[in-house]
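A closer look at the structure
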Amino acid sequence: DFSTWTLLGAARTYTTPALAYPGGPVVGIAHELVLTDAVSDSVGAGFAPDTLRINFNQDFSFRFQAFLYGSDIRGDGMSFVLTTQTTPALGGGGSDLGYGGSGMPGYAFAIDTFDFPGQPESPSLQILRDGSATPVAYTETGLGDDIRNLQSWSVEVRYTASGNNDETGLLEASIFRPDLGSFSVSSAADWSGVGSAETDPESGDYLGRRVLYGFTAATGLA
């Protein structure tokens, strides 16, 4: 229910009746988070109302559906953010994807759909860090405009701990559609210096770090 989320910029919530099947009975309410409008220089972000305490010595994953709409009008892309900053911030538009320039410590997974000279050819999947839109890792998908149409992508962001109890591991993200297949990007991730660690007050054992999660997106001149 995105009505409880912190919305920044152009972001808004949208609800529609959820059907059991196309043309079938209504079985509930479908909630969507709309990040940008189909206009130039639109920037938006939405963040969960509460932080999660994540143990970075254990594996975890997030899953969601991403819908990239557009034909003649092209957005620049979107990101899924994991940050230890408790107050979310909105980054710049265009190639910043609403994330670059935000200063939020942590990592983000980005789907970049518009490239400039010196950038990975779009559409690309990227791992970003610490509020910068310069990728630490990327995969050029070669999908072209197929990444945008009337079907959504299944997205999974996975973290696999190193097993060394040092808050490091592998951050991997993938997108999937039955008609186009699966594409992924991965990067080493080190959370040991990001934010403040929480420990058990009695034993002193490491418990994790408080992490806020959410989404950003932006359009540019198009």
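This text follows the structure it describes.
In what follows, the accompanying structure is described. (Residues numbered from 1 in each chain as written. Predicted model: local features only at pLDDT ≥ 70, side-chain atom pairs only at ≥ 80, totals over all residues. Heavy atoms only, no water.)

1. Observations concerning the overall build of the chain
When helices and strands are counted, the chain shows 0 helices and 15 strands. Its C-alpha atoms give the chain a radius of gyration of 18 Å, near enough to 17 Å, the size a compact globule of 222 residues would have. For the chain, the spread of C-alpha atoms along the three principal axes comes to 55 × 50 × 30 Å. When the 222 residues of the chain are sorted by exposure, 44% land in the buried category. Sequence separation of at least 24 residues holds for 60% of the intrachain contacts in the chain that already meet a minimum separation of 6. Roughly 10,700 Å² of accessible area belongs to the chain as shown, and the carbon and sulfur atoms make up 48% of that amount. A gap of 3 Å separates the mean positions of the 10 positive and 26 negative side-chain charges of the chain. (Helix = DSSP H or I, 4+ residues; strand = E, 2+ residues; numbered from the N terminus. Rg over C-alpha atoms; globule rule 2.2 N^0.38 Å. Buried < 20%, exposed > 50% of the residue type's maximum accessible area, 1.4 Å probe, protein only. Contact = heavy atoms within 4.5 Å. Areas by Shrake-Rupley, 256 points an atom, 1.4 Å probe, with all protein chains shown as cover. Lys, Arg positive; Asp, Glu negative; His and termini not counted. Charge placed at Lys NZ, Arg CZ, Asp CG, Glu CD.)

2. Focus: the pairing of strand S15 (residues 206–219)
In terms of burial, S15 is largely enclosed, as 10 of its 14 residues are buried. Relative to S15, strand S5 (residues 52–54) runs antiparallel, the two sharing 3 bridges. Counterpart to Ile54 in the pairing with S15 is Arg209. Summarising the sheet, strand S7 (residues 75–83) and S15 pair through 8 bridges and their orientation is antiparallel. Its bridge partner lying in S15, Gly77 is registered against Ala218. Relative to S15, strand S14 (residues 197–199) is paired through 3 bridges, and the arrangement is antiparallel. (Pairing = 2+ DSSP bridges.)

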